[in-house]
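# Observations on the three-dimensional arrangement
Now for the letters of each chain:
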Amino acid sequence: MRFLPREEAMRGNVLGIFLIGLFLWCAMIVLPAGAVSQGITGIGYGSASDYGPSWKITTVDPNAGKSTSIAVDSAGHPHIAYIDPDRGTLLYAWNDGSGWQIDTVDDDVPGDQATAIAVEGTNRPHIAYTDMERGLLKYATSWDKTTLGQVTPGCVALALDASGDPYIVYGPTKGGNPDHGLFIVACHDGVWGTPDAIDPDAYCTWCSFAIDKERKGFHIAYTDGVTCKVKYAWADEGGWHTNVIDYNNGLSGAIALDSAGKPHIAYVDMYGALSYASHEGTGWSETTVDKKAMYVSLAIDGEDTPHIAYCDGAGTLMYAWAGDDEWETMTVDSAVWPGLGYYCSIATDTAGHPSISYYDMKHDSLKYAYGTISEPAPAFAANFTAQPVTGQAPLTVSFTDASTGDPTFRTYDFGDGSSSTAKNPVHTYRSPGTYTVTLTILKSGRDGLRKDIAIRQDLVAVGGGSGPGLAAGFTATPIRGNAPLKVSFTDTSTGNPDYRGYDFGDGTSSSARDPLHTYLQPGTYTVKLTVMKVERGNLVRNTTVLQDLVIVNGEGDPIY
């Protein structure tokens, strides 16, 4: 694909002359490239649009951590590129699930630099970075390092296409050749091409880049420090196009795409406010997220919820996400002056969990914050099971509480005039009859006293006469689990049977009193027990059937 320059003359103004100086200052501190939204395998919590995360914070490198950029691989593991300016080293940290590992990528990168990282499906990291002291744009993968030219980039962004080929977007700064503009360069089959101009007249203070792999779309957010504009560029068959998002110059920002390929941009305007803009098809919709911000990074999760990491300008790492009706913000990490949160970069997983890399200036260290989303509290509901529910008197029944919502008090009404406050009581019905059982649960909290009732109408049927007649009965445990499932059966029959016959429902049987049976295949099984005895020369028999008693799941299936 050939990238064509957009022929559009940019005109400066008096304020623009001032902003050139501002731009050069920004280039010196090397604002980080915006994060590209990366997918992580789901972990199974809720969405951050409903529940705010709780943060687990780790110091990854206690000795360095500037200019961080984060990505996550196909297994959900974080990868971070960052700089140690004191040693002039580009470093790479990753977590393989057992702990953090650190490797040196380039040991000859003096001073503060910019970095951008992306990870392809095979978990191979690609890193674009700058050598501003020598005026070089560089790239590394598998720690084969390539110098892409004498371009003195002040900002850099990196993304991979559907084939895993890297594309780098950069904005040169004063002292290079050229000394301004916005450019893109691509690598195909291991060979880097010639840079193409996207906006040759711009003076970029930051740039951020995302590729829509499904639709083969290229999207860039950046600033033109001379014309005081936050701009957006995209490519189609006709070449590159640009439009203006905000006329108040953005000091840092990032772009990310939603599931429909629409761009979303977060940035800090020249007044220090955190702004967010999304493309609605015919134009941009903008809102203010926070009044103070710097070092902004953006990611979009699998439910199209935007997440923003930013420093509040006072050395505190902040996090913002879009709720149902408005933006929510929270503090992730803070420290006394000079604080932390600088050079922050964010990625999210498919369940909406944010991962943030950032620099702790107070301790000169690289830190990582992982946000787990709290699951919604389970419904407060009374529920129970009972075994067995039929038989001759006296019939002993075991009750098991299955209530949700963590009740603090419960009471069973067994329907025969007796009750229990035990969680899993055992009760004996001594008289024939049909009994309705009621479980009432209570919980006291900030919302007051909560109550719920479960009623099982005519749950227990007890037969009998002058004495305990012949009646089949049994219990089984466990009755839920993954295959192979071993189930212990215990005979509770009355009337002293001479013979027992279990039908386990899977084509096998047993005449043992208390058999142990293994269900090898997933399925739902009905179990029957038939008991017999000879009374006064006659064969008497009785059968009990427990419908769908045993549920066997396949390996890896959830157990309900």
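Note: the structure precedes this text.
Residues numbered from 1 in each chain as written. Predicted model: local features only at pLDDT ≥ 70, side-chain atom pairs only at ≥ 80, totals over all residues. Heavy atoms only, no water.

### As for the pairing of strand β23 (residues 294-300)
The element β23 is largely enclosed, with a buried count of six among its seven residues. Looking at chain direction, β23 and strand β24 (residues 306-311) are connected through six bridges and run antiparallel. Bridge pairing in β24 links Met294 to Cys311. A loop of five residues connects β23 with β24, the two strands running antiparallel in sequence, and Asp304 in this loop sits at a positive phi of about 65 degrees. (Buried < 20%, exposed > 50% of the residue type's maximum accessible area, 1.4 Å probe, protein only. Helix = DSSP H or I, 4+ residues; strand = E, 2+ residues; numbered from the N terminus. Pairing = 2+ DSSP bridges.)

### Remarks on the sheet that holds strand β35 (residues 426-429)
Spatially, the three strands line up as an open sheet ordered β30-β32-β35, and their pairing is antiparallel. Looking at which strands have only one partner, the edges of the open sheet turn out to be β30 (384-387) and β35. Neighbour-to-neighbour, the strand axes of this sheet turn through a mean angle of 30 degrees, independent of strand direction. Bridge analysis of strand β32 (residues 395-401) against β35 gives four bridges, and the strand direction is antiparallel. Each bridged residue has a counterpart across the sheet, and for Val397 the counterpart in β35 is His427. (Axes fitted to C-alpha atoms, helices over the stretch in contact; angles between N-to-C directions.)

### Some words on the sheet that holds strand β36 (residues 433-445)
Reading across from one edge, β31-β37-β36-β33-β34 is the order of the five strands in this open sheet, with mixed pairing throughout. Each end of this open sheet is capped by a strand with a single partner; those strands are β31 (390-392) and β34 (419-420).

### Quick word on the packing of aromatic side chains
This structure, assessed with the given rule, holds 27 aromatic pairs. Taking the centre distance of 6.2 Å and the plane angle of 55 degrees together, the rings of Phe384 and Phe399 count as tilted. Of the two residues, Phe384 is situated in strand β30 and Phe399 in strand β32; the sequence distance between them amounts to 15 residues. Here Phe384 matches Phe399 in class, with each residue buried. (Phe/Tyr/Trp six-rings, centres within 6.5 Å; stacked < 30°, edge-to-face > 60°.)

### Quick notes on the environment of Val151
Tracing the sequence through the fold places Val151 in the loop between β9 (144-147) and β10 (153-160). The class of Val151 is buried, set by a relative accessible area of 9%. Between the alpha carbons of Val151 and Gly135 there is a distance of 5.8 Å; along the sequence they are 16 residues apart.

### Focus on the environment of Leu274
Secondary-structure assignment places Leu274 in strand β21 (residues 274-279). C-alpha of Leu274 to C-alpha of Tyr295: the two residues are 21 residues apart in sequence and 9.9 Å apart in space.

### Focus on the nonpolar core
The biggest cluster of nonpolar side chains holds 20 residues, and the ones touching the most others in it are Leu182, Ile184, Phe209, Phe218, Ile220, Tyr222 and Trp240. Among the secondary structure elements, those contributing two or more residues to this core are β10, β11 (166-172), β12 (182-188), β15 (207-212), β16 (217-224) and β17 (229-236). (Core = buried A, V, L, I, M, F, W, Y, C linked by side-chain atoms within 4.5 Å.)

### Looking at unusual backbone geometry
A cis amide bond links Trp337 with the next residue in sequence, Pro338, at an omega value of 5 degrees. Cis rather than trans, the peptide bond between Gln387 and Pro388 has omega equal to -15 degrees. By the element assignment, Pro388 lies in the loop between β30 and β31. In this model, Cys228 sits at a positive phi of 65 degrees, which is unusual for a non-glycine residue. Residue placement: Cys228 occurs in the loop between β16 and β17. The residue Asp304 is not glycine, and still its phi comes out positive at about 65 degrees. The partly exposed category is assigned to Asp304, whose relative accessible area is 30%.

### Digging into the pattern of salt bridges
Following the criterion strictly, the structure yields ten salt bridges and no others. In this structure, the salt-bridge partner of Lys367 is Asp360, at a minimum N-O distance of 3.9 Å. Under the relative-accessibility criterion, Lys367 is labelled buried at 12%. Connected through shared salt-bridge partners, Asp108, Asp131 and Arg134 make up one network. (Salt bridge = Lys/Arg side-chain N within 4 Å of Asp/Glu carboxyl O.)

Function cannot be inferred from these measures alone, as they are strictly geometric.
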